Every structure is written in structure tokens, then in C-alpha cells.
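Structure at a glance
Spelled out from the first residue to the last, the chains are:
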Amino acid sequence: MMAFNFNLKPKSLSLLVGVLAVTLAACSGGGTDTTGDTAATEEGSGLSGDVLVDGSSTVFPISEAMAEEFMNENPDVRVTVGVSGSGGGFKKFCAGETDISNASRPIKESEMELCEEAGIEYVELPVAFDGISVVVHPDNDWVECLTPEELGQMWEPDAEGSITNWNQIRDTFPDKPLNLYGPGTDSGTYDYFTDATVGEEGESRGDYTASEDDNVIVQGVSTDDGGLGFFGFAYYEENKDSLKVVPVENSNGECIVPSEEAIADGTYNPLSRPIFFYVKTDSLENKPAVKAFAEYHLAQANQSLISEVGYVPLKDELLTKAGERLENKVTGSMFEGGSSLGVKLSDKL
């Protein structure tokens, strides 16, 4: 497969196919406090050392933006952000290789067991809300709305080799090849999407173009007039000139396009979901830069960075509860079975 580079404008995001590590350089002083606001900007924060982050490509734009600004304020800290997918990130995290693991779905029971065996304790923190965006080529003039069931018909395991044309989804659609593009199986977005559409997390057909680099999916769909793909809202927002977003029918029978408002109020369902980062307790206790960087994510003053990269910040009440969870080092997961589908975050924090 040929690899392509697309740039996500808010923080000049550039992802490479496969595992990506980004180390951001910075140059001025400052710090953070634990009250949710940026701390005083006296010369030098006293923080130093490395913060190692890996995991979800969906959460990557948030961590990259936060890392850039954090290092501007703390020039002796180096934050390295990698992209291995949610599953790949947890493998590294539970092996003790990283301080923070980004995830676009809650940690699975098998990953909890892996961390437990290795003696890795963690604090699970929501960082924002996202709406998985279903996209097609701009010349696609036949799709005005799809139901979750129709998406499931396209993506279910039994569709492999048999559902290959658009008119097999609806007889009003053209007799045109249906080419699918999506995240790889290590992706939390893949897990959530299959749960919401196919009805079983991690189950789908295998004959689609898969990549942990969402920009490869952008490139594939934008150059294929029969293509359909899905990824996090930020990647649609930054490439909407070359893509068409597909409205998805919600539980009220309304066809809704993903937007900041629809994601925040839950009307873009079932494809709206919280996204997370997990902080190793040992790093919180023994690496002040890690603790400060985690607090920086949850600081009220920094929530505009989340909006800038195309996601929906947590409401003040949830942000406060997340901050308390971090401050009190509440370990473990809020989600039994590792799924946030249909779960209200406010009921869990």
C-alpha cells in the first residue's frame, strides 16, 4: 500500500503509516497547578525529564497539542507522543514502557489482566468527547443518510466477499463497487464502531483497507468515488474539503451529522463516545512532569486546545470530577467489560 501524508492544520499534525513517535520541541517557561487553571508564569517551572505517551490515533491530536504548549511552558520536559492504536498503546503501557496510554475506548478486561500481572496500576481519565464520522467521496450523490444497521450490513463478518456493491445496501443505490476503509484492529475506534454497528466489538469483515494512520483512510476515501470509511471527528473536520460526511440515523429516527453540538448533547448517537487517557500511578507518584502533564490536560484554561483540534471538551462538572479522580489517584476502570457504548459518563465519574 502506498502511504500518504495529510496535514491536520490546528497543530500541523502529520502522521506516518504504522507506529509514529513525535517529539515536540519548545522554548519558554511556566507551569500548572491542580485547580484547573494555568499556573503563574514565573521564569522556569522546575520540571524536567521525559513523559512517554502512546496509543490512540484519535486522541493523538489532543496530546500533540497539549504537549506542544506544555513544553513551551516547561522547556526542560520532553513529551514524546506515539501512535500504536488503543490496543497497541495498552500493550506498551502494561509492559511498563510508557507513562500515559491514550485510548478511544475503555481498557478491556484482557488488558486489565495484563497490567495487573505486571503490577501496573493506573488512573483512567476522560479527556474529551468524539463522534465517529462516516465519510464518502465528495462525488457520492446517492447517500443522504445511513442507519447503524446498514453500516453493520456493510461491515459484519458475513459481508466479506459478498457485500461488494452499493446497490446491495439499498436497491436505490447505484450498481457501483463498495470499497471500505477503516482503522486496524488495534484501534479503539474500530472496537467502538463495530460494537455500535455490527453489534459485537472487534468483529468485522477482513477485506477492507485497514490502517492505524487515519490519514491513509482520508486519502483512500477522497480518491475513491465508491469508497466509505470512518474515523474520529477531528480528521473529518480537517479534511472536509475533500470528503463528504454521511448523516447517521439516531435512536429517535433522525439523520444527524456529527458536529460539536450534536456530539456534546448526545443526539449524534450511537457514534458519539468519550475518549480517554490512562496514567500510570507509579509515574504520577515519582515523575512530577507526568503528574503536571496529566493536570495540564484537565486544566480549564487548556480546554480550547481540544476544540481547536476538532473534539468536544468535557463540561465543567465532568472536568472537575476528572480532576478529583486524578488528584485522589482513583485506580482501575469505571467500565465493566471495556465498553462505553450507551453509557453516560456523568453516571460513572
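See the structure printed just above.
Below, the structure is looked at part by part. (Residues numbered from 1 in each chain as written. Predicted model: local features only at pLDDT ≥ 70, side-chain atom pairs only at ≥ 80, totals over all residues. Heavy atoms only, no water.)

Focus on the overall build of the protein chain
The helix and strand inventory of the protein chain stands at 12 helices and 15 strands. Taking all 349 residues of the protein chain together, 56% fall into the buried category. A separation threshold of at least 6 residues defines the contact pool for the protein chain, and within that pool the share at least 24 residues apart is 76%. For the protein chain, the exposed area adds up to about 13,600 Å²; of that, 44% sits on carbon and sulfur atoms. (Helix = DSSP H or I, 4+ residues; strand = E, 2+ residues; numbered from the N terminus. Buried < 20%, exposed > 50% of the residue type's maximum accessible area, 1.4 Å probe, protein only. Contact = heavy atoms within 4.5 Å. Areas by Shrake-Rupley, 256 points an atom, 1.4 Å probe, with all protein chains shown as cover.)

Describing the pairing of strand E5 (residues 77–83)
Burial within E5 is extensive, with six of its seven residues counted as buried. Summarising the sheet, strand E4 (residues 49–55) and E5 pair through five bridges and their orientation is parallel. Opposite Gly49, over in E5, you have Val77 as the bridge partner. Remark: the E4/helix H1 (residues 60–73)/E5 crossover connection has right-handed handedness. (Pairing = 2+ DSSP bridges. Right-handed = clockwise from strand over helix to strand, strands pointing away.)

Quick word on a negative patch on the surface
Taken together, Glu109, Glu113, Glu116, Glu117 and Glu336 make up a surface patch of like negative charges. Checked against the element boundaries, Glu336 lands in the segment after helix H12 (316–327). (Patch = residues over 30% accessible without salt bridge, like charges linked within 9 Å, V, L, I, M, F, W, Y side chains within 5 Å. Salt bridge = Lys/Arg side-chain N within 4 Å of Asp/Glu carboxyl O. Lys, Arg positive; Asp, Glu negative; His and termini not counted. Charge placed at Lys NZ, Arg CZ, Asp CG, Glu CD.)

Details of the pairing of E4
Bridge analysis of E4 against strand E6 (residues 100–103) gives three bridges, and the strand direction is parallel. By the bridge assignment for E6, Val53 is matched with Ile100.

Some remarks on the pattern of salt bridges
For side chains of opposite charge, pairing can occur when their charged atoms come near one another. Here the structure, examined in full by the defined rule, presents 15 salt bridges. Here Lys92 ties to Asp54 by a salt bridge, and the two come within 3.1 Å at their closest N and O atoms. Of the two residues, Lys92 sits in helix H2 (residues 85–94) while Asp54 sits in strand E4, which places them 38 residues apart along the sequence. One salt bridge connects Asp225 with Lys176, and the closest N-O pair in it is separated by 3.4 Å. One end of the pair, Asp225, is in the loop between helix H6 (214–222) and strand E11 (227–231); the other, Lys176, is in the loop between helix H4 (148–155) and strand E9 (179–182), and 49 residues separate them in sequence. The class for Lys176 is partly exposed, based on a relative accessible area of 22%. Through salt bridges that share partners, Arg105, Lys108, Glu111, Asp191 and Glu201 make up one connected network.

Quick notes on the packing of H1 against helix H10 (residues 288–298)
For the pair H1 and H10, the least separation of the axes is 10 Å and the interaxial angle reads 120°. Judged on the interaxial angle alone, H10 and H1 are oblique. Like other packed secondary-structure pairs, H1 and H10 cross with a definite hand, here right-handed. Between H1, through Ile62, Ser63, Met66, Ala67, Glu69, Phe70 and Glu73, and H10, the contact on the second element is made entirely by Ala289, Ala292, Phe293, Tyr296 and His297. (Axes fitted to C-alpha atoms, helices over the stretch in contact; angles between N-to-C directions. Parallel < 35°, antiparallel > 145°, perpendicular 65-115°, else oblique. Left-handed = near helix turned anticlockwise from the far one by under 90°.)

Details of the side chain of Asp130
Assignment of secondary structure puts Asp130 in strand E7 (residues 122–131). There is a polar contact of 2.8 Å between the side chain of Asp130 and the backbone nitrogen of Phe233. In contact with Asp130, not counting residues within four places along its chain, are Thr58, Gly232, Phe233, Ile263, Leu271, Ser272, Arg273, Ile275 and Tyr311. (Polar contact = N/O pair within 3.5 Å; in protein donor to acceptor, adjacent residues only side chain to side chain.)

Details of the packing of aromatic side chains
What describes a pair of aromatic rings is the distance from one ring centre to the other and the angle between the planes of the rings. Evaluated as defined, the whole model comprises 14 aromatic pairs. Each member of the aromatic cluster is reached from another via a ring pair, and the members are Phe90, Phe93, Tyr122, Phe276, Tyr278 and Phe335. The ring of Tyr192 is capped by Arg273, whose NZ or CZ atom sits 5.8 Å from the centre of that ring. (Phe/Tyr/Trp six-rings, centres within 6.5 Å; stacked < 30°, edge-to-face > 60°. Lys NZ or Arg CZ within 6 Å of the ring centre and 35° of its normal.)

So, the sheet that holds E11
Adjacent strands of a sheet pair through backbone hydrogen bonds, lying either parallel or antiparallel. Spatially, the five strands line up as an open sheet ordered E10-E9-E11-E8-E12, and their pairing is mixed. With partners counted over all chains shown, the strands left at the sheet margins are strand E10 (209–210) and strand E12 (244–245), one partner each. Pairing of strand E8 (residues 133–136) with E11, which is carried by four bridges, proceeds in the antiparallel orientation. Directly across from Val134, in E11, lies its bridge partner Phe230. Running at roughly 100° to E9, H4 makes contact with E8, E9 and E11 of the sheet.

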